[in-house]
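Spelled out from the first residue to the last, the chains are:
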Amino acid sequence: MNVRKLLLLSLVLAGVVAFFAFDLQRYLSLDELKRQQAALAELYARHPARVIAAYFLVYLAVTALSLPGAAVLTLAGGALFGLVAGTVIVSFASSIGALLAFLVARYLLREAVQRRFGARLAQINAGIERDGAFYLFTLRLVPIVPFFIINLVMGLTRMKAGTFYGVSQLGMLAGTVVYVNAGTQLARIDSLAGILSPALVGSFVLLGVFPWIARRVVRAVQRGRVHARWRSVRPRRYDRNLVVIGAGAAGLVSAYIAATVRAKVTLVERHKMGGDCLNYGCVPSKALIRTARLAHQMRHASRHGLADTPPSIDFAQVMDRVHRVIAEIEPHDSVARYTGLGVDVVQGHARLVNPWTVAITREDGSVQTLTTRAVILATGAEPFVPDLPGLKEMGCLTSDTLWSLRALPRRLIVLGGGPIGCELAQAFARLGSEVTQVEMAPRLMLKEDEDAAGLVRASLERDGVRVLTAHRALRCEPGPDGKRLIAEHDGREVVIEGDEILCAVGRVARLQGHGLDTLGIPTGRVIETNEYLETLYPNIYAAGDAAGPFQFTHVAAHQAWYAAVNALFGPLKTFKADYSVIPWATFTDPEVARVGLSEDEARRQGVAYELTRYGIDDLDRAIADGQAHGFVKVLTVPGKDRILGVTIVGEHAADLLAEFVLAMKHGLGLNKILGTIHIYPTLAEANKYAAGEWKKAHKPEALLRWVERYHAWRRGE
């Protein structure tokens, strides 16, 4: 705290201490006001300007310092100045005094509060920026809420001072008039409690709720305007309660929920049920990674007391196994299963005709038109292929197309250093390809902390991957016996030879061909939605990769619940999508799993944190498994066990993270994890030991010294 803050804090504390030390509050009681009413009235008659100025300054001091007595001062304003003049004087004095309290709290405390609780306050700040004026106006209209608390709390938010003052001036006016009017009849008042009758308080509450009612009316009007140009085609009856476009994770879960609550739902998929995750993403990649890992273990079997055995790899058989795994899981997402659940599944291409009509073009060219109360767009995403000169001519693999390979590429160039690029680079290297991984950024896996990404890079390089970071791809061209990628590094061109190029630089939402442009639904990188996952049209929702902001299968399923429930029950109740605790993992060896804040994010956001780290190289089960590497890193609120974020690097990191995800979701701290019995020997003990490291750092040294003395006394020393 700087000198100015210390000086201001000292002045505030001195004023508060003096108020109570000299018992100044006795002058701000109802009885004292009644006794002094005649003398004050006489003084006002002789020196009106001085009395108004003195009154104004006293009112400012009381409200600015959050002292008791504002209600009595308001009565005094009515008694001295009358209804009109008293209302004007009190209104400005109370509003300016509230603003001073607001500014004092902001200057002295907001920086420290934001630094310590920044992550938790992020949603509150967003709500204040969006609806702060409504919140404040409602609170100001309800006199049962202590105004001094409102002043101080609002000062800790990001509300603009001008907004605070203007809303306070307006919002407190009704209560001010009531109290000033009561002051004009001071002799009849026996207590402050008698001023506000239950009926009057109820009226204020209704007045406070009015802005919210008005807002809902405005929202309804806005919705009506959006639908206005389609009013002539709005059906009187609907074929379906819900049509879901896309049968990936978001679409499948949405349709499942709708069928479960007995809604009439149609699920439309133009290609394969299960979407990208089943057919091109999560499932086949993990099957490939498992085979590659087994090959790696065979080569290094001596680590487990066996003879190293170079694997004999038939890549066609490897890919056959990948497709068998897909086929084995496929029934979970099949047409038969969902039809059995009560979902009308249609194979075809769906296009929005208007907000309530979907046209479905089947493979045979026939078109089915359905009217529906609501639509969920779950159109998914596809690999992004950059507009790199020569790449189209040379051709490239993507995470969608590589599963058709029947021969292992001898030399593979992987373009991209994110999760997909790292997973596939390692898998192909372990299967025998000469892999070169090219990343434009200075390091791999930019969304993770540098220590986590560093362990992954070291592992990739041990597996034979040539990792080239800070290399910007310039163009592709034919090579003497394959393909050639030209990249720029440190101002010079680098030539990278390969037989195939695998493009893994991200995924883009599928936005074309579904009628979004016809309806004017805004899109950027994804379909634009509000916090309820509504698009421009309140009956059309988006979920999954097409909606963002996270492109994970589990997040798509998570969003699907909100989209489906809001679509089906919106007139009764709507729910804001909750992204407060989102976990993810990269399935390299070692795995990297995270939930909440990373160290990099905490530093960028200015969030104060305390770091606890446990090295998995010390864990008994990891040593026995020959997997004694990696760490558990936990960020907590300084001095407390509340978890802000966790990063785990190591064997089965994604599985280990689940305990921390549960803890963060339900507000459990490290003490609860430490107090939970974990089976020995398991990798899950790493979570408990990480909690133990935090506990050791916070052991009560003073108490332990007394305990040491107690034991010495027991020994007779």
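Details of the structure are given in the entry above.
Nothing here was measured: the structure is a model prediction, and the numbers come from that model. (Residues numbered from 1 in each chain as written. Predicted model: local features only at pLDDT ≥ 70, side-chain atom pairs only at ≥ 80, totals over all residues. Heavy atoms only, no water.)

J.: Could you clarify how one ought to interpret the overall build of the protein chain in this entry?
T.: From N to C terminus, the protein chain includes 25 helices and 22 strands. In terms of overall dimensions, the protein chain has a C-alpha envelope of 105 × 95 × 55 Å along the principal axes. The proportion of buried residues among the 717 residues of the protein chain is 46%. In the protein chain, the share of contacts with a sequence separation of at least 24, taken over all contacts with a separation of at least 6, comes to 65%. (Helix = DSSP H or I, 4+ residues; strand = E, 2+ residues; numbered from the N terminus. Buried < 20%, exposed > 50% of the residue type's maximum accessible area, 1.4 Å probe, protein only. Contact = heavy atoms within 4.5 Å.)

J.: Explain unusual backbone geometry to me, please; I cannot follow it from the model alone.
T.: What you tend to see is this: most non-glycine residues have negative phi, and most peptide bonds are trans. Residue Pro 590 is bonded to the preceding Asp 589 through a cis peptide linkage, with omega at 10°. In the segment running from Tyr 680 into Pro 681, the intervening peptide bond is cis, with an omega of -10°. When you line up the elements, Pro 681 lands in the loop between α23 (670-674) and α24 (685-697). Phi angles above zero are rare outside glycine, and Arg 262 is one such case at about 65°. Here Arg 262 is to be found in the loop between α10 (249-260) and β2 (265-269). Residue classification places Arg 262 among the exposed positions, given a relative accessible area of 72%.

J.: Is there a simple way to think about the environment of Arg 321 in this case?
T.: As for its placement among the helices and strands, Arg 321 is situated in helix α13 (residues 315-329). Taking the relative accessible area as the measure of exposure, Arg 321 reaches 29% and is therefore partly exposed. Here the alpha-carbon distance between Arg 321 and Pro 284, two residues 37 residues apart in the chain, equals 9.2 Å. Once residues lying within four places of it in the same chain are set aside, the contact partners of Arg 321 are Ala 287, Arg 290 and Thr 291.

J.: Honestly, the nonpolar core in this entry has me stumped. Any pointers?
T.: Nonpolar side chains in soluble globular proteins tend to be buried together. By size, the foremost hydrophobic cluster in this structure holds 39 residues, and its most contacted members are Leu 288, Leu 402, Trp 403, Phe 428 and Val 435. Put simply, the parts of the chain that give this core at least two residues each are α12 (282-299), α13, β9 (411-415), α16 (419-431) and α17 (450-462). For this core, the leading source of residues is α16, giving seven residues. Residues contacting Trp 403, with those up to four places away along its chain left out, are Asn 279, Tyr 280, Pro 284, Ser 285, Leu 288, Met 319, Val 322, His 323 and Leu 424. Of all hydrophobic cores here, the second largest spans 30 residues; its members include Val 244, Leu 252, Val 343 and Ala 374. (Core = buried A, V, L, I, M, F, W, Y, C linked by side-chain atoms within 4.5 Å.)

J.: Looking at this structure, how should I read the packing of aromatic side chains?
T.: For any two aromatic rings, the description comes down to two numbers: the centre-to-centre distance and the angle of the planes. Under the criterion given, the structure shown has 14 aromatic pairs. Relative to Phe 575, the ring of Trp 561 lies with its centre 5.3 Å away and its plane at 65°, an arrangement referred to as edge-to-face. Of this pair, Trp 561 sits in helix α19 (residues 553-569) while Phe 575 sits in the loop between α19 and β18 (583-586), and the two are 14 residues apart along the sequence. Residue classification places Trp 561 among the partly exposed residues on the basis of a relative accessible area of 37%. Aromatic pair Tyr 614 and Tyr 689: ring centres 5.6 Å apart, planes at 50°, arrangement tilted. Of the two residues, Tyr 614 is situated in strand β20 (residues 610-615) and Tyr 689 in helix α24; the sequence distance between them amounts to 75 residues. Look at Tyr 614 and you get buried, because its relative accessible area is 5%. An aromatic cluster is present here, built from Tyr 44, Tyr 55, Tyr 59 and Phe 81 joined pairwise through their rings. Sitting above the plane of the Tyr 107 ring, Lys 5 keeps its charged end 5.5 Å from the centroid. Arg 613 extends its terminal NZ or CZ atom over the ring of Phe 631, reaching a point 3.9 Å from the ring centre. (Phe/Tyr/Trp six-rings, centres within 6.5 Å; stacked < 30°, edge-to-face > 60°. Lys NZ or Arg CZ within 6 Å of the ring centre and 35° of its normal.)

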